[in-house]
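Structure assessment
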Amino acid sequence: MIVLSEATVHSPRTLSEQDNQQVTRAAALAGWRVYYIPNDFAVCEHADNALWHIPEQPQETLTVWVGFIPSFERYSELYAAAARKNLRLVNSPQEHIRAQEFDRFYPLLLGLTPESVTLTNPEDWPESVRSLPFPVFVRGAVRSRKADGWQACVASNSTELQAIVTSFFKSAYQSRGKVIVRQLVQLKHHRVTEQGFPLGREFRVIVFRGQVVGCGYYWEGHDPDMELSSAEAAEVHRLALLAAHRLEIPLLAVDVGQLTDGNWIVIEVNDAQFAGISQIPALGLWNALAEAVTNGTK
């Protein structure tokens, strides 16, 4: 089992870099073979050169990529280059993009997640108003702006909605040409960020081939409700496994949140290779994943 890591060798400057470093170190401790790759193929011309130092494997070997969200083209290029060395990235390019882009996974999660409308043009924002009442939550196809606070992603009227939608369309990295307007739901919470965004009771669940290999509180820091009872854990796992079953993606991160009425919903999903692990114990995650891989090959 092999890990391709984009973790930096210098001191991490961002939370994402710090997370990549910690996850990579844990993988090595768990016995995974770790090879470092550049986070920009421009420094090595193409994906084959990025993998030059990795020996061709005698047999097909499961491979996990730890890094930053790549473009579909970058993922596809590395997937093909890895295959030429008998390295099989855990998710195919089509599985990766189905997990990563909201409008691709949303139709498969109907009934599990809040109602949402996909916009493909800035001028289409009135379409969402016709089916969703204010206030609404706005995000890109790939990323949201929760870290920037409530005003950056919640619109209470048409003027605010138009402004937020227009702003997202200007960010190709977050939107990839698509903006999502969602029904705003009330999650149980005790804290808010400095920017005023409520830290809902959310848990990130990592699912590998129909098995939960990791689960942890989504937000950093301590929260009175960050522990799950056995009954709550069973419901969170059930929803995560149902989402993974519908999407048919081998390695998936599923975010599950609790509404103020006590019910649980799926917030979103991501390709787990690039999702971050929140408060999931990193060493335990890699050990559980290795065990699941080993048991699956017996």
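Look up: the structure comes first, before these words.
Below, the structure is looked at part by part. (Residues numbered from 1 in each chain as written. Predicted model: local features only at pLDDT ≥ 70, side-chain atom pairs only at ≥ 80, totals over all residues. Heavy atoms only, no water.)

1. Here we look at the overall build of the protein chain
Here is the rule we go by: Where helices and strands are cited, they refer to DSSP runs of H or I of at least four residues and of E of at least two residues respectively, numbered from the N terminus. Partly exposed describes any residue whose relative accessible area lies between the buried limit of under 20% and the exposed limit of over 50%, with all areas from a 1.4 Å probe on protein chains only and scaled to the type maximum. Residue contacts follow a heavy-atom distance rule, with two residues in contact if any of their heavy atoms lie within 4.5 Å.
Tallying secondary structure elements over the protein chain gives 10 helices and 14 strands in all. Each principal axis of the C-alpha atoms in the protein chain carries an extent, and together these give about 60 × 45 × 35 Å. Across the 298 residues in the protein chain, those meeting the buried criterion constitute 52%. Long-range contacts, defined as pairs at least 24 residues apart, comprise 69% of the intrachain contacts of the protein chain with a sequence gap of at least 6.

2. Some details on the pattern of salt bridges
Rule in force here: The salt bridge definition used is simple: a Lys or Arg side-chain nitrogen within 4 Å of an Asp or Glu carboxyl oxygen.
Summed over all chains, the structure comprises 13 salt bridges. The shortest N-O distance in the salt bridge between R201 and E232 comes to 2.9 Å. A residue pair is termed long-range when its members are at least 10 positions apart, and R201 in the loop between β10 (198-200) and β11 (202-208) and E232 in helix α9 (residues 230-247) qualify at 31 residues. A residue is classified by how much of its surface remains accessible, and R201, at 3% relative accessible area, is buried. Of the charged contacts, one joins E235 and R238 as a salt bridge, the two residues approaching to 2.9 Å between their closest N and O atoms. Of this pair, E235 and R238 both sit in helix α9, 3 residues apart, roughly one helical turn. Taking the relative accessible area as the measure of exposure, E235 reaches 26% and is therefore partly exposed.

3. Notes on unusual backbone geometry
Following F134, the chain continues to P135 via a peptide bond in cis, the omega torsion being -5°. Along the chain, P135 falls in the loop between α6 (126-131) and β6 (136-140). One non-glycine residue, N86, adopts positive backbone phi at about 65°. With respect to the helices and strands, the residue N86 is situated in the loop between α3 (72-83) and β4 (87-89). A positive phi is found at R209, a non-glycine position, where the angle reads about 45°.

4. Some details on the sheet that holds strand β13 (residues 251-258)
Selection criterion: Strands qualify as paired when DSSP identifies two bridges or more between them. Each axis is a line fitted through C-alpha atoms, and for a helix only the stretch in contact is used; angles between axes span 0 to 180 degrees, taken between their N-to-C directions.
Overall, antiparallel pairing links the 4 strands, which are arranged β12-β11-β13-β14 in an open sheet. Across the chains shown, the open sheet's two edge strands, defined by having one partner strand only, are β12 (211-217) and β14 (264-271). Strand-to-strand, the axes of this sheet are offset by a mean angle of 25°, without reference to chain direction. For β11 and β12, the ladder comprises 6 bridges, and the chain directions are antiparallel. In the sheet register, F203 faces β12, and the bridge partner there is Y217. Strands in contact with helix α4 (residues 93-100) are β13 and β14; relative to β14, the strand with the most contacts, it is inclined by about 140°.

5. With respect to the environment of Q100
Operational definition: Counting of polar contacts relies on pairs of N or O atoms within 3.5 Å, with two restrictions inside protein: one atom must be capable of donating a hydrogen and the other of accepting it, and residues adjacent in sequence are counted only when both atoms are side-chain atoms.
Its place among the elements puts Q100 in helix α4. Assessed through its relative accessible area of 1%, Q100 is described here as buried. When residues no more than four places from it in sequence are discounted, the contact partners of Q100 are I69, A141, V142, N270, D271 and F274. A distance of 3.4 Å separates the side chain of Q100 from the side chain of N270, its partner in a polar contact.

6. Side note on the layout of surface pockets
By rolling a water-sized probe across the atoms, one finds the places where empty space is left. Just so we agree on the cut-off: For cavity detection a 1 Å grid was placed over the protein atoms alone, and a set of points counts as a cavity when a 1.4 Å probe fits there but cannot get out; an open set counts as a pocket when protein lies on both sides within 12 Å along at least five of seven lines, with lining residues being those that have an atom within 4 Å of a point. Grid points are joined across faces, edges and corners, and a volume is the space filled by probe spheres set on the points.
There is about 1,600 Å³ of room inside the largest pocket. Contributing to the lining of the largest pocket are 50 residues, with S16, R204, Y218, A275 and G276 lying nearest its centre. Breaking the lining of the largest pocket down by element, the ones donating at least two residues are α1 (15-29), β3 (61-66), α8 (172-175), β11, β14 and α10 (282-297). At 7 residues, α1 tops the list of elements feeding residues into the lining of the largest pocket.

7. Side note on the packing of aromatic side chains
Selection criterion: Here is the rule: rings of Phe, Tyr and Trp (six-membered ring for Trp) pair when centre to centre is within 6.5 Å. Planes less than 30 degrees apart are stacked, more than 60 are edge-to-face, and the remainder are tilted.
On inspection of all chains with the given rule, the structure shows 11 aromatic pairs. Ring geometry for Y75 versus F274: centroids 6.1 Å apart, planes at 80°, classification edge-to-face. Of this pair, Y75 sits in helix α3 while F274 sits in the loop between β14 and α10, and the two are 199 residues apart along the sequence. A relative accessible area of 0% means that Y75 is categorised as buried. When the centroid spacing of 6.0 Å and the interplanar angle of 55° are considered together, the rings of F203 and W264 count as tilted. Pair noted here: F203 is in strand β11 and W264 is in strand β14, with a separation of 61 residues, a long-range link. W264 shares its class with F203; the two are buried.

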